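Below, each chain spelled out in residue letters.
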Amino acid sequence: MRTIRYIVQKEFLQVFRDKAMLPIIFLVPIVQLIILVNAATFDMKHIRMSVVDPDLSATSRGLVQKFGGSPFYQIKHFTFSYQEAVAQMQQGKVDLILNIPAGFEKTLMKENQATAQFVINAINGASAGLINAYSTIILLDYNRQTALANNSGSTTSSLRNILTEYSYWYNPELNYKTYMVPGILVLLVTIIGLLLSGMNIVREKEIGTIEQINVTPVVKIQFIAGKLIPFWIISIFELAFGLSIGKLLFNIPIEGNLWLIFLSASVYLFVILAFGLLISTITHTQQQSMLISFFFMVVFILMSGLFTSIESMPQWAQTLDKLNPLMYFIRIMRMVLLKGSTFADISRYFWALVIYAFFIVTLAIWRYRKVA
Amino acid sequence: MKRFGAFVVKEFYHIFRDYRTLLILFGMPAVQLMLFGYVITNEIKDARIAIYDPSKDVVTRTISDKILSSGYFILERNLNNVAEIEDAFRYGEVGLAIIFEPEFAKKMEKTGTAHLQVIGDASDPNTANILVNYVSGIISNYLISINSEKIPHQIIPETRMMYNGELKGVYMFVPGLMAMLLMLISALMTSLAITREKELGTMELLLVSPLQPVQIIIGKVFPYVFLAFIDAIIILILANTVFHVPVLGSVSLLLGESFLYICMALSLGILISTITSSQQIAMMVSLVALMLPTILLSGFIFPVENMPWILQAFCYVMPPKYFITIIKSIMLQGNGLANVWHETLILLGFTLFFLILSIKKFNIRLA
């Protein structure tokens, strides 16, 4: 036990001896947290649109007005020529073209139906889908509205209607920040933890100090424990710090039990830190270790379900994702903080992390060789 | 010049000797592109939902069928009472609940109006918003279809998706992945390569050699220009052959812009290495400070235009944002230099800025 304490002490000294380290570990992530939470939204507030309306009839103008009146749309420019509107889109100035054909109202009156075209810049598929949904709803609304206005009296009352009430639970204002604060906090803690541990042993190898440790009577398990504990303390502290900032600054809800969060976090951090140490034991230079850590980090982050939905991934990828510790922990954070989930609700994720932690720590201890 | 040549050759030896790093360096972009190309879509489909339908009549069944056959939703659970919604949400198995009122069809027939409730699990607000919009669209369409004889004039919406008809996610990931990987390889690898010499003490040897400091720096970064460029080409070829991402614009312009971006990232790497003393610090600075902003503030996943204005201001100082704009513009929209000269100039400006700053900071003497 005393041996472990000395190694822990040595690691702390080593980390904090470098004056630049403290701000990098604590200040930079918190600043990022504050800034980045605002970034992650698909919320479409300013759909820039171009209107092609050679018809200029009452109907077409009414439709355009309907779009102009919506807070989601900004009509950037009017034109009679479709080519001109496409050129605008080509230059990235508009996201949506409402293309109304000439003779629109005439066709509508004669054939009882006419087509209005939405042309959407679909490079970003998610935004394009949303723009399409919003625009279609506005158009259908307009249809119904004109129908009601035209046949005031007998026929309208026979129109069948479904009144749909939409509600958003746990977050009625769709404030994406309350969702992003826990998520981004987990990412930051993960990045710091993985980098600190991933560079650690390999650094001693590169500088040569590992030999000095190898000739001491320290056993493998003590060595790995001594390396894990300092980073574990730093990461837990960082998480607590970030949560307080989130509470104070963004007023994120904490519906569930905080102890549940920290219990899961402590297991999760063992997974991440032991993973880092494992990378550290199998690489020869810090450059290699950094590259491998980066590779896994990007894969973990993009497949964590934070930015894109896991359910939309193909089945084999969802199965593969069961190996992604970040996925479990982000779910736990989200469920406990925002929905007040209890231990029973999160237990399947929790036990998965426990098994994972056990496996990875054992692997790291086994893989560390006391030879050069 | 001959000395310089020898130095560059030495640097190449350094890199090629370490075959593991090389393997990761070339394997990583390939594996990640394949993985993300197949896996990640921004589109939401197969979302799990719960339905509570106490009336079980023709209308509610038709609506449920329409919702479930849209491809966006999978029925996870039929609820027996309203109280079960809370459990389902808390357990995290469904993202949306649809609740019909009792005697739905009867009420619609009699009073003309029936009530439907759609509840989204907004602990993930982006997904909830998209799902609710999908449902809303489906209901609107259904209403139109049952009322079609009674609404005399109808405007039919027709949608055309430009540049990416099938809404493939890989169209976004190719530019994003290029921006991220090139940044990493160039900025990080160079900053590590230079600080490594400092840390191991071999920098002193180089500095007392007859080589000029500028030559040392150029010699050290030169191999990485080469490696990063090969990576860019690997990504482009894979994207084009495997995922059929088109290159509508000029290929040479695309490569030229990639080269410019690589130079920008390299000068950032040199700057980082001049202000840090150990590899660990250099890496922490580059990864911690660059990684998430490159993903989030560059328009890689989340569109810049939707962000609050103060954040957009931050985006304007992120070089990857300009590179991603350029790549999308050239590859997917087929634009030429005339449309991207603005962004190109800004990237050039960044490069010069980083270079001048590093020359000012560069110390010939070590500590």
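Residues numbered from 1 in each chain as written. Chains lettered and ligands numbered in written order. Predicted model: local features only at pLDDT ≥ 70, side-chain atom pairs only at ≥ 80, totals over all residues.

**Concerning the overall build of chain A**
Part 1 of the reasoning: Secondary structure summary: chain A contains 15 helices and five strands in total.
Part 2 of the reasoning: Relative to its length of 372 residues, chain A is extended, with a C-alpha radius of gyration of 28 Å against a globular reference of 21 Å.
Part 3 of the reasoning: C-alpha atoms of chain A, sized along the principal axes, occupy 95 × 45 × 40 Å.
Part 4 of the reasoning: Within chain A, the fraction of its 372 residues that count as buried is 48%. (Helix = DSSP H or I, 4+ residues; strand = E, 2+ residues; numbered from the N terminus. Rg over C-alpha atoms; globule rule 2.2 N^0.38 Å. Buried ≥ 20, exposed ≤ 12 C-beta atoms within 10 Å, placed from the backbone.)

**Looking at the interface of chain B and chain A**
Part 1 of the reasoning: Counting residues at the interface gives 109 residues for chain B and 111 residues for chain A.
Part 2 of the reasoning: The leading source of residues in the side of chain B that touches chain A is helix α6 (residues 125-146) of chain B, at 16 residues.
Part 3 of the reasoning: Looking at the side of chain B that touches chain A, its residues break down into 61 nonpolar, 33 polar and 15 charged.
Part 4 of the reasoning: Looking at chain direction, strand β4 (residues 113-121) of chain A and strand β5 (residues 154-162) of chain B are connected through nine bridges and run parallel. In the sheet register, Ile 120 of chain A faces β5 of chain B, and the bridge partner there is Met 161 of chain B. (Contact = placed C-beta atoms within 7 Å. Nonpolar A, V, L, I, M, F, W, Y, C, P; charged D, E, K, R; others polar. Pairing = 2+ DSSP bridges.)

**What about the nonpolar core?**
Part 1 of the reasoning: Among the nonpolar cores identified, the biggest contains 226 residues, and Leu 98, Val 271 and Ala 274 of chain A together with Leu 182 and Ile 185 of chain B are the most heavily contacted of them.
Part 2 of the reasoning: If one sorts the elements of this core by residue count, helix α7 (residues 170-200) of chain B sits on top with 20 residues.
Part 3 of the reasoning: Not counting chain neighbours up to four residues away, the residues in contact with Val 271 of chain A comprise Pro 325, Leu 353, Tyr 356, Ala 357 and Ile 360 of chain A. (Core = buried A, V, L, I, M, F, W, Y, C linked by C-beta atoms within 7 Å.)

**Considering the packing of α7 of chain B against helix α11 (residues 279-296) of chain B**
All names here are of chain B.
Part 1 of the reasoning: Here α7 crosses α11 at 170°, and the two axes come no closer than 9 Å. Taken together, α7 and α11 sit at an angle that is classed as roughly antiparallel. Along its contact with α7, which presents Ala 179, Met 180, Met 183, Ala 187, Leu 188, Ser 191, Leu 192, Thr 195, Arg 196 and Glu 199, the element α11 presents Gln 279, Ala 282, Met 283, Ser 286, Leu 287, Leu 290, Thr 294 and Ile 295.
Part 2 of the reasoning: Residues of the contact of α7 with α11, tallied by class, amount to eleven nonpolar, five polar and two charged. (Axes fitted to C-alpha atoms, helices over the stretch in contact; angles between N-to-C directions. Parallel < 35°, antiparallel > 145°, perpendicular 65-115°, else oblique.)

**A look at the domain arrangement of chain A**
Part 1 of the reasoning: With domains assigned, chain A is organised as domain 1 (2-40 + 176-367) and domain 2 (47-157).
Part 2 of the reasoning: Here the C-alpha centroids of domain 1 of chain A and domain 2 of chain A sit 49 Å apart. (Domains from an automatic or database assignment.)

**Some remarks on the sheet that holds strand β2 (residues 73-78) of chain B**
Part 1 of the reasoning: In space, the five strands of this open sheet follow the order β5(A)-β4(B)-β3(B)-β1(B)-β2(B), with mixed pairing throughout. Unpaired on one side and paired on the other, β5 (161-169) of chain A together with β2 of chain B mark the two borders of the sheet. Strand-to-strand twist of the sheet, defined as the mean angle between neighbouring strand axes without regard to direction, takes the value 25°.
Part 2 of the reasoning: With five bridges joining them, strand β3 (residues 96-100) of chain B and strand β4 (residues 113-121) of chain B adopt antiparallel strand pairing. Paired with Leu 96 of chain B across the two strands is Gly 120 of chain B, which belongs to β4 of chain B.
Part 3 of the reasoning: Against the sheet, helix α5 (residues 104-111) of chain B makes contact with β3 and β4 of chain B, and its axis sits at roughly 135° relative to β4 of chain B, the strand it touches most.

**As for the confidence of the model for chain A**
Part 1 of the reasoning: Here chain A averages 85 in pLDDT, while 96% of its residues score no lower than 70.
Part 2 of the reasoning: Helix α11 (residues 258-282) of chain A holds the highest mean pLDDT among the elements of chain A, 93, whereas helix α7 (residues 154-157) of chain A holds the lowest, 49. (pLDDT = per-residue confidence, 0-100.)

**A closer look at the sheet that holds strand β1 (residues 47-52) of chain A**
Part 1 of the reasoning: Across the sheet, which stays open at both edges, the five strands sit in the order β2(A)-β1(A)-β3(A)-β4(A)-β5(B) with mixed pairing between neighbours. Looking at strand neighbours, the two that pair on one side only are β2 (73-79) of chain A together with β5 of chain B, the edges of this open sheet. Each neighbouring strand pair of the sheet contributes to a mean axis angle of 25°, computed without reference to strand direction.
Part 2 of the reasoning: Where β1 of chain A lies against strand β3 (residues 96-99) of chain A, four bridges are found, and the strand directions are parallel. When the sheet's bridge partners are listed, Val 51 of chain A is paired in β3 of chain A with Leu 98 of chain A.
Part 3 of the reasoning: Lying on the sheet, helix α3 (residues 58-69) of chain A is in contact with β1, β2, β3 and β4 of chain A together with β5 of chain B; it crosses β2 of chain A at an angle near 140°.
Part 4 of the reasoning: Each of β4 of chain A together with β5 of chain B touches helix α5 (residues 104-111) of chain A; the most contacted strand, β4 of chain A, lies at about 135° to it.

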